[in-house]
Amino acid sequence: MPPSSASSTDSTKSATGGVQSLERAFDLLERMADAGGEVGLSELSASSGLPLPTIHRLMRTLVVCGYVRQQANRRYALGPRLIRLGESASRLLGTWARPYLARLVEETGETANMALLDGDEIVYVAQVPSKHSMRMFTEVGRRVLPHSTGVGKALLANTPDHEVRALLARTGMPAATEKTITTPEGFLTALEDVRRLGYAIDDNEQEIGVRCLAVSVPNSPTAAAISISGPAGRVTESATEKIVPILQQVAGELSEALASQNPA
């Protein structure tokens, strides 16, 4: 007896109740991103465990929709249509983070920021300024290299050393100030300090007279960090002891909000 339409529909559902083909397609896109944005079908099959015919069918659909493109070498790359989605998602992420950044400003008195790792660069996606007349300001959308920033250190702290070295080789390590770390060994040592302390410091490394404290947002759907920045005369060692626990608490609460379906 042929299967009923109801049983045919049920067979396309995943164990979580979602549509299996959609879950598989998004999983493939994430695997492509993890692999650097370009992969072959055999690589996707090996990493996902899906048969080649299934992967080929999903990839052809993604190509038709513009989310994936096939290269001349027959490998597949993330498509330009994803850029618009990513930009919109980044703006929303900044919007969701603003209430948490506002809390940081209220409790620390300093300017609060949120930043993402986008390729080899740090991009600031949200900011709430301090109420002090002397305050730090970073334009939302600004891009900087990670080696001279607290958020960069926080975001790269758990990245394998060889990947950090490769990133630094691609970007170079230009000195923004006389205190900027300009050697891979020095930067890797700084990352060890981040892992040991649980937070990152930019001590006059991006701009003389400015100190920044940063922590990563745990389990964020994309690598993200939050920070406070202020004049070195206010963000002192004693202030650091008070500010860091607040940063860590807010980062944890923001992580929970991002994981929920209705972030605050």
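See above for the structure.
Residues numbered from 1 in each chain as written. Predicted model: local features only at pLDDT ≥ 70, side-chain atom pairs only at ≥ 80, totals over all residues. Heavy atoms only, no water.

(A) Representation of the overall build of the protein chain. For the protein chain, the helix and strand inventory stands at nine helices and nine strands. When contacts within the protein chain are restricted to residue pairs at least 6 apart in sequence, those whose partners lie at least 24 apart make up 55%. Accessible area for the protein chain stands at about 14200 Å²; split by element, carbon and sulfur atoms hold 53% of it. (Helix = DSSP H or I, 4+ residues; strand = E, 2+ residues; numbered from the N terminus. Contact = heavy atoms within 4.5 Å. Areas by Shrake-Rupley, 256 points an atom, 1.4 Å probe, with all protein chains shown as cover.)

(B) Geometry of the environment of methionine 134. Inspection of the secondary structure puts methionine 134 in the loop between strand S5 (121–128) and strand S6 (143–144). The class for methionine 134 is exposed, based on a relative accessible area of 54%. As for methionine 134 and glycine 230, which are separated by 96 residues in sequence, their C-alpha atoms are 8.3 Å apart. Not counting residues up to four positions away in its chain, the partners in contact with methionine 134 are Pro231 and Arg234. (Buried < 20%, exposed > 50% of the residue type's maximum accessible area, 1.4 Å probe, protein only.)

(C) Just the pairing of strand S9 (residues 224–231), in detail. With eight of its eight residues buried, S9 lies for the most part within the structure. Strand direction decides the pairing type here: strand S8 (residues 210–216) and S9, joined by seven bridges, are antiparallel. When the sheet's bridge partners are listed, serine 216 is paired in S9 with alanine 225. (Pairing = 2+ DSSP bridges.)

(D) Molecular detail of the side chain of glutamate 205. Along the chain, glutamate 205 turns up in the loop between strand S7 (200–203) and S8. Its relative accessible area of 6% is what places glutamate 205 among the buried residues. A distance of 2.8 Å separates polar atoms of two side chains, one belonging to glutamate 205 and the other to lysine 153. In contact with glutamate 205, not counting residues within four places along its chain, are His147, Ser148, Lys153, Ala176, Thr177, Lys179, Thr180 and Ile181. (Polar contact = N/O pair within 3.5 Å; in protein donor to acceptor, adjacent residues only side chain to side chain.)

(E) Geometry of the sheet that holds strand S3 (residues 76–78). Strand order across the open sheet formed by three strands is S1-S3-S2, with antiparallel pairing between neighbours. The open sheet is flanked by strand S1 (38–39) and strand S2 (68–70), the only strands paired with a single partner. In this sheet, S3 lies alongside S1 in antiparallel orientation, the contact comprising two bridges. Bridging from a neighbouring strand, glutamate 38 pairs with alanine 77 of S3.

(F) Spotlight on helix H7 (residues 161–171). Taken residue by residue, H7 has Val164, Leu167, Leu168 and Thr171 as its buried positions. Taken end-on, H7 shows its buried residues confined to a sector of 95°, consistent with a single buried face. The exposed set on the far side of H7, more than 90 degrees from its buried face, consists of His162, Ala169 and Arg170. Immediately downstream of H7, the backbone of glycine 172 shows phi near 75°, a positive value. (Arc of directions from axis to C-beta.)

(G) A nonpolar patch on the surface, seen in detail. A grouping of Val19, Leu22 and Phe26 is seen on the molecular surface, where their side chains present a nonpolar patch of about 290 Å² in accessible area. Residue position: phenylalanine 26 is located in helix H2 (residues 20–34). According to the relative accessible area criterion, phenylalanine 26 is exposed, its value standing at 52%. (Patch = residues over 30% accessible without salt bridge, like charges linked within 9 Å, V, L, I, M, F, W, Y side chains within 5 Å. Salt bridge = Lys/Arg side-chain N within 4 Å of Asp/Glu carboxyl O.)

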